[in-house]
Amino acid sequence: MSIKADGVVVKGFKVINSGYGTLDDPCGIKVYNRKNVSIQNNILDNNFFGIYIQNGVKCIVKNNQIRAYGKQEQLIGNGIHCWKSDSLQISANTISGHRDGIYFEFVTNSVIWRNVSTKNVRYGLHFMFSNDDAYIANVFKNNGAGVAVMFTKRVKMFNNFFEENWGDAAYGLLLKEISDSYIIGNKFDKNTIGIHMEGTTRILVQKNVFEANGWGMKIQASCMDNDIKSNNFVGNTFDISTNGILVLNTFNGNYWDKYEGYDLDKNGIGDVPFHPLSLFAVLTENNPSAMLLFRSFMITLLDKSEKILPSITPDNFIDKTPLMHSLSL
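Residues numbered from 1 in each chain as written. Predicted model: local features only at pLDDT ≥ 70, side-chain atom pairs only at ≥ 80, totals over all residues. Heavy atoms only, no water.

## What about the sheet that holds strand S23 (residues 187–189)?
Then step 1. With parallel pairing, the 11 strands of this open sheet are ordered in space as S3-S6-S9-S12-S15-S18-S21-S23-S26-S29-S32. Strands at the two margins of the open sheet, each flanked by one partner only, are strand S3 (14–19) and strand S32 (255–256). (Pairing = 2+ DSSP bridges. Helix = DSSP H or I, 4+ residues; strand = E, 2+ residues; numbered from the N terminus.)

## Some points on unusual backbone geometry
Negative phi is the rule for most residues except glycine; trans is the rule for most peptide bonds.
Then step 1. The residue Phe129 is not glycine, and still its phi comes out positive at about 50°.
Then step 2. For Phe129, the location among the structural elements is in the loop between strand S16 (123–128) and strand S17 (134–136).
Then step 3. Looking at Phe129, the relative accessible area reads 34%, which means it is partly exposed.
Then step 4. A positive phi angle, near 60°, is found at Asp132, a position not held by glycine.
Then step 5. Among the secondary structure elements, Asp132 is positioned in the loop between S16 and S17. (Buried < 20%, exposed > 50% of the residue type's maximum accessible area, 1.4 Å probe, protein only.)

## Looking at the pattern of salt bridges
Then step 1. Scanning the entire structure with this criterion turns up 12 salt bridges.
Then step 2. A salt bridge links Arg67 to Asp45; the shortest N-O distance between them is 3.0 Å. On the criterion of sequence distance, the pair formed by Arg67 in strand S9 (residues 65–67) and Asp45 in strand S6 (residues 43–47) is long-range, its members being 22 residues apart.
Then step 3. Taking relative accessible area as the criterion, Arg67 reaches 28% and is therefore assigned partly exposed.
Then step 4. Since its relative accessible area comes to 13%, Asp45 is described here as buried.
Then step 5. The partner of Glu211 in a salt bridge is Lys187, and the shortest N-O contact between them spans 3.8 Å. Separated by 24 residues along the polypeptide, Glu211 in strand S26 (residues 209–211) and Lys187 in strand S23 bring together distant segments of the chain.
Then step 6. Looking at Glu211, the relative accessible area reads 30%, which means it is partly exposed.
Then step 7. Taken together, the shared-partner salt bridges in this structure form one network comprising Glu73, Asp100 and Arg122. (Salt bridge = Lys/Arg side-chain N within 4 Å of Asp/Glu carboxyl O.)

## Points about the nonpolar core
Note that soluble globular proteins tend to have their nonpolar side chains buried in a common cluster.
Then step 1. Core analysis: the biggest nonpolar cluster contains 70 residues, and Leu173, Ile195 and Met217 have the highest contact counts within it.
Then step 2. The contacts of Leu173, once residues within four sequence positions are left out, are Val147, Val149, Met157, Phe162, Ile183, Phe188, Ile193, Gly194, Ile195 and His196. (Core = buried A, V, L, I, M, F, W, Y, C linked by side-chain atoms within 4.5 Å. Contact = heavy atoms within 4.5 Å.)

## With respect to the side chain of Gln220
Then step 1. For Gln220, the location among the structural elements is in the loop between strand S27 (215–219) and strand S28 (227–229).
Then step 2. In contact with Gln220, not counting residues within four places along its chain, are His196, Met197, Glu198, Thr242, Asn243 and Glu285.

Right, here's the structure in full:
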């Protein structure tokens, strides 16, 4: 179905079996250079691309079920694909089996709200060069990787769930070349890496829960002026990892379940600063095969001695005000 007029409402259709193609991008429903188009309460099944908005303004995509059965990313398109658009509302859709569940490129001033994106081949959500957008209360579960955010400014990601994104290069959230953004109130549960940050600047990471991940956060040396505060780190193999010795980011007032300090004045804040970067996290960053020694007595001994006499981990990689009890987030 091709839409080439303003103000069209597409509601209650079932669109199936668009066919396959890599040059002409066959879709279930495609909007061409239009505004105020509403696509609601449709079922899109086994299409190459599900819903494709090209150069749209003030369009709404709501309450659609979009599913495909892709096994390889080059053989399937995206569930909801938006290009060079403004002021879109993407809400309450269920998407599975596509390359990327939702894809944004050059999309501004738009909202992605209450969508469920699961079992997609590559990313649950993928966006590039898309400034001033908000992503609120979505679920990204069991995708090839959770969400990739690249080359973008002023992103707001609030109250999303990143769950069970496992794999060799999988993460809940990848941030690459991002600045002036907010990551608040999200839950990262059972991912290989909760958040992977590379080339990020002035990001506020606050009131998030990092639970049962391989790595809670990987913060590369190219990141600076990021503020990580008031988060819960619980049950992660490694809470934090980095590949450099410069510390240009701050950690304040987080809860770390690995903290073994004391609180003599009973103000809820540990009296001893916490070093969240373990020696073994540094070693495995440079030598991944060292993971074979994880949980061995020798590594436990090394980590304990490193906390008493830091030598390899950066001295100033610390949370000066670690919390004694987890935050109720």
